[in-house]
Every structure is written in C-alpha cells, then in structure tokens.
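Residue-level structure breakdown
The chain contents come next:
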Amino acid sequence: MANEPVKRNVLLNPGPATTTDTVKYAQVVPDICPREKEFGDIMRNMRGELVKIVHGDPEKFTSVLFTGSGTMNIDVCVNSLVPDGKKILFADNGAYTSRGVEVAAAYHIPYIDLKSPFDEPVDPEKVEEALKADPDIAVVYTTHNETGTGVLNPIRKIGEIAHKYGCTFIVDTTSTYAMIPIDIEKDNVDFVMASAQKGLMAFTGLSFVVGRTALIEKSKEYTTRSYYCNLYLQYDFFEKTGEMHFTPPVQTVYATAQAIKEYWADGEEKRYQRHVDVWNAIHEGKERLGFKDIIKKEYQSKMVVSIKYPNDPNWDFTKIHDYCYERGFTIYPGKVASTDTFRLCTLGQIYPKDIEDFWKVFEEACVKTGVSIPAKY
Ligand SMILES: *Cc1c(COP(=O)(O)O)cnc(C)c1O
C-alpha cells in the first residue's frame, strides 16, 4: 500500500533539511534490536558508502559513526587527533570554526586561533606563516563552507600547506558533504565530517567522520580526553564487532540508508547542480525585491546566502519569519556578530520553483508588515 504524502515544508535553514517522503517512511520498520546482525550489516555497508561519497580509497580511509548532532564530530576530531604536547591551529573565519576552538579550550588542548575576516575566505598564506612560526602545531582545522556566512574556504590549498608542514588536516564539511563534490585525497584532507540531516537529507541523530585509517590507529597512543566521544575507541569497537559501542539511532540509520540510495540515484553532479540552481533562484528573487547580501558572490559556497536586514523602521525579522513559516517556508537568522542578517540555504530536497514560491510569500510578508519594496538600505 502506498504511504500517505506528508505535508511538505520548505526548510531554508541550515539543516535539518527538507526530506523526501521515501526517506521519512524508511524509518517505519518492524522493531529491531540494533545488536542483530541484520542491523549491523546496514551499518557496515553504510560505513563503506560514506567513504565512497568523498571518493576515498577504502584501503586508506574509513568512516566512524556516532549518535549525536553534527557538533559531536567537531568534538570527536578535536579531542582525539591532537598528539600529546602538540597544538592545533584553527584557520578561523566564522562561527563554525570558532566552535572547534571552544572544543579545544574545553579539553585544555593547546591551540592557536588564527582569526581572519568573516566576509572572505581563509588566506592559505596566513596559515603557512603560522605553521612556519610554530613547529609544535601538529593539526590544522578549518570549515569548508562557513555555514554562518556562506563563505567557501580553499581547502585544497590549505591542505597542501598543512601536509607540507607534516600536519593532519581536519575539515568541517558538515554543510558541503554530499552537496559540493569532495575528493578527500585530491583535496588534501585527512578528516571530513557530516551529519545525516544535512547534505544527505535524512534526519538528526547520526553523525560521522571519514578519515585516514592509519591516523586513527596512531591516535590510540594519545591521551584519551573523552570516553563517549573518542574516535579511536569507537572505530576499534566497529572494527571488532561491526557495531556502535552504544545504542545507535536506529530509525535514523534506516532513513540514512534510504537517503544514500537516493543520493546515488541522482549522482554527485546532479545534486550539486540542483543546489546551484536553487542558489541562483535565491539571488534572482533577492535582486528583484532589492535585498542585499553581505558576501561577495565569488566567495560564496552557493550553499548559503546571507542577506542583510534592510534599513527600514518596519522591518521585523520575527514577523516576516512567522508569516513565511505559517505558509510552509522556514527562514533563519544569520551568524555574523557585526551585521544583522538572515540566511537562506540551498540544502534539502528543494527546487528553484520552491524558491520562486518562497519569494512571493516573502514579498507579501513585507507588504503586509509595511516594509518597503524594493528594500531600502
Ligand atoms: C550544521 C553544522 C554543524 C553541526 O551542527 P549541529 O547543530 O550540532 O548538528 C557543524 N558544522 C557546520 C559547518 C554546520 O553547518
């Protein structure tokens, strides 16, 4: 029997994403204990698929699953991969890399927070200067698409420099994995991470790190800074038993398996192109209504657009949000300390037509609340 269609909401927030009904219904399965072999097989297969999505050689790369939201990966990578007595360098141009800095601080791991302007990509030369100046740095960390602004960082170049100085390179790819093509080895990355509710378009609760097996095995020697969130311990348990150390998010695993099938059915190029088409539709509507974004177009990841609040006494983000929300469109505040912005993201099972519909509703919201169109700045 066919499943009832579920009310469709267009989520323009930076995850969770709009999902297909087939992914939603994939969660509805007979009750199962996740210690059964049948369930272990699903996770084993998934670990391989997650490496494949970033073109990793299975001889060199592995993936490790965790129960938690995406921030858990940041925690895991930062607390597990810095050798004793060494430092981690954060190439930091926004809120998400700053989260990595907070993790390092919380675990008392020596770190350098190399801050750079939020509205432009990280400059690889600055990373090189920092590495030259401090031979104690063993790990370099950055974020691929700074989801707070939508700036795309030049990871291939940064990774080349990190490797030149013998460092491990960790990239938070939570908002690009399965959206922007990544080739983990060619892009000079050792560890990427993501969460099922983002580019894969499944649900919250399952997060994963994909990285170099040899480096994970080496990290066994480092001081254990967390029990539940240690990369080696979780990896080792998977290798020995095929299972997660503690209870996995069972229903999310089923949904993610379905989402991965749908990812391959579209393919990497088609997925990327659809996100770019949505991004173009966001810009078209934005320009039609006279709104301005804050990041130069050539710096944008095409996965997020950060729009500046207009200079209009009647502008009230909450009112606009609520009007759109009631009509099935969710928009989200920005993450830039110095400028008031809201964000429109391209992730999820959404199409340019959804964006055209959104801008119509958004325009209505402006007119109803007395905001001038075209927007005033
Ligand atoms: C969404 C996101 C995360 C994870 O956030 P959670 O709320 O913990 O799921 C981490 N990094 C980036 C770049 C993200 O976009």
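Computed from a predicted model, the values in this text were never measured in an experiment. (Residues numbered from 1 in each chain as written. Predicted model: local features only at pLDDT ≥ 70, side-chain atom pairs only at ≥ 80, totals over all residues. Heavy atoms only, no water.)

**Comments concerning the overall build of the chain**
- Looking only at helices and strands, one finds twelve helices and 14 strands in the chain.
- Relative to the globule expectation of 21 Å for 377 residues, the C-alpha radius of gyration of the chain, 21 Å, shows essentially globular dimensions.
- Along the three orthogonal principal directions, the C-alpha set of the chain runs to about 60 × 60 × 35 Å.
- Going through the 377 residues of the chain one by one, you find that 57% of them count as buried. (Helix = DSSP H or I, 4+ residues; strand = E, 2+ residues; numbered from the N terminus. Rg over C-alpha atoms; globule rule 2.2 N^0.38 Å. Buried < 20%, exposed > 50% of the residue type's maximum accessible area, 1.4 Å probe, protein only.)

**Observations concerning the packing of helix 11 (residues 317-326) against helix 12 (residues 352-368)**
- Two elements in contact, helix 11 and helix 12, have axes separated by 9 Å at closest approach and are oriented at 135°. The orientation of helix 11 relative to helix 12 falls into the category oblique. The two elements helix 11 and helix 12 meet at a crossing, and its hand is right-handed. From helix 11, I320, Y323 and C324 reach across to helix 12, where they touch F358, V361, F362, E364, A365, C366 and K368.
- Residues of the contact of helix 11 with helix 12, tallied by class, amount to eight nonpolar, no polar and two charged. (Axes fitted to C-alpha atoms, helices over the stretch in contact; angles between N-to-C directions. Parallel < 35°, antiparallel > 145°, perpendicular 65-115°, else oblique. Left-handed = near helix turned anticlockwise from the far one by under 90°. Contact = heavy atoms within 4.5 Å. Nonpolar A, V, L, I, M, F, W, Y, C, P; charged D, E, K, R; others polar.)

**Here we look at the side chain of T346**
- Among the secondary structure elements, T346 is positioned in the loop between strand 14 (341-345) and helix 12.
- The class for T346 is buried, based on a relative accessible area of 0%.
- A distance of 3.4 Å separates a polar atom in the side chain of T346 from the backbone oxygen of K302. (Polar contact = N/O pair within 3.5 Å; in protein donor to acceptor, adjacent residues only side chain to side chain.)

**So, the domain arrangement of the chain**
- When cut into domains, the chain gives domain 1 (20-264) and domain 2 (268-369).
- A straight line from the C-alpha centre of domain 1 to that of domain 2 covers 28 Å.
- With 29 residues of domain 1 in contact, the opposing surface of domain 2 contributes 23 residues.
- When the buried surface of domain 1 facing domain 2 is broken down by residue, M179, M201 and Y263 rank first, second and third, together holding 27% of it.
- Summed over the shared surface of domain 1 and domain 2, the number is zero salt bridges.
- Looking at the side of domain 1 that touches domain 2, the elements that each hand over two or more residues are helix 4 (95-106), strand 7 (151-152) and helix 9 (250-266).
- Per-element accounting of the side of domain 1 that touches domain 2 gives the leading share, three residues, to helix 4.
- In terms of residue class, the side of domain 1 that touches domain 2 is built from 14 nonpolar, ten polar and five charged. (Domains from an automatic or database assignment. Buried area = accessible area lost by both parts, 1.4 Å probe. Salt bridge = Lys/Arg side-chain N within 4 Å of Asp/Glu carboxyl O.)

**Details of the environment of D92**
- Inspection of the secondary structure puts D92 in strand 3 (residues 87-92).
- The contacts of D92, once residues within four sequence positions are left out, are T97, S98, V101, D113, L114, K115, S116 and V122.

**With respect to the packing of aromatic side chains**
- Following the criterion strictly, the structure yields 21 aromatic pairs and no others.
- Aromatic pair Y232 and Y235: ring centres 6.2 Å apart, planes at 50°, arrangement tilted. Taken together, the residues span about one helical turn, with Y232 and Y235 both in helix 8 (residues 231-241) at a distance of three residues.
- Since its relative accessible area comes to 12%, Y232 is described here as buried.
- Look at W315 and F362: their rings are 6.3 Å apart centre to centre, the planes differ by 50°, and that puts the pair in the tilted class. Here W315 is found in the loop between strand 11 (304-308) and helix 11, whereas its partner F362 is found in helix 12, with 47 residues between them in sequence.
- Each member of the aromatic cluster is reached from another via a ring pair, and the members are F291, Y309, W315, F317, F329, F342, F358, W359 and F362.
- Sitting over the ring of W264, K52 keeps its end group 5.1 Å from the ring centre. (Phe/Tyr/Trp six-rings, centres within 6.5 Å; stacked < 30°, edge-to-face > 60°. Lys NZ or Arg CZ within 6 Å of the ring centre and 35° of its normal.)

**A look at the environment of E102**
- As for its position among the elements, E102 is in helix 4.
- Taking the C-alpha atoms as reference points, E102 and I74, 28 residues apart in sequence, are found 10.0 Å from one another.

**Notes on the site of the ligand**
- All residues in the neighbourhood of the ligand are listed as S69, G70, T71, Y96, R99, T143, T147, D172, T174, S175, Q197 and K198.
- A distance of 2.9 Å separates an oxygen atom of the ligand from a polar backbone atom of G70.
- Between the ligand and K198 there is a distance of 2.8 Å, counted from an oxygen atom to a side-chain nitrogen or oxygen.
- Coverage of the ligand by the protein amounts to 86% of the 390 Å² it exposes when considered alone.
- Among the residues making up the shell around the ligand, the classes are represented as one nonpolar, eight polar and three charged. (Near = heavy atom within 4 Å. Areas by Shrake-Rupley, 256 points an atom, 1.4 Å probe, with all protein chains shown as cover.)

**Observations concerning the pattern of salt bridges**
- Under the definition given, this model contains 27 salt bridges.
- Between D266 and R274 there is a salt bridge; the shortest N-O distance is 3.7 Å.
- On the accessibility criterion, D266 (23% relative accessible area) is partly exposed.
- Overall, the relative accessible area of 9% leaves R274 in the buried class.
- When salt bridges that share partners are traced, they join D266, K270, R271 and R274 into one network.

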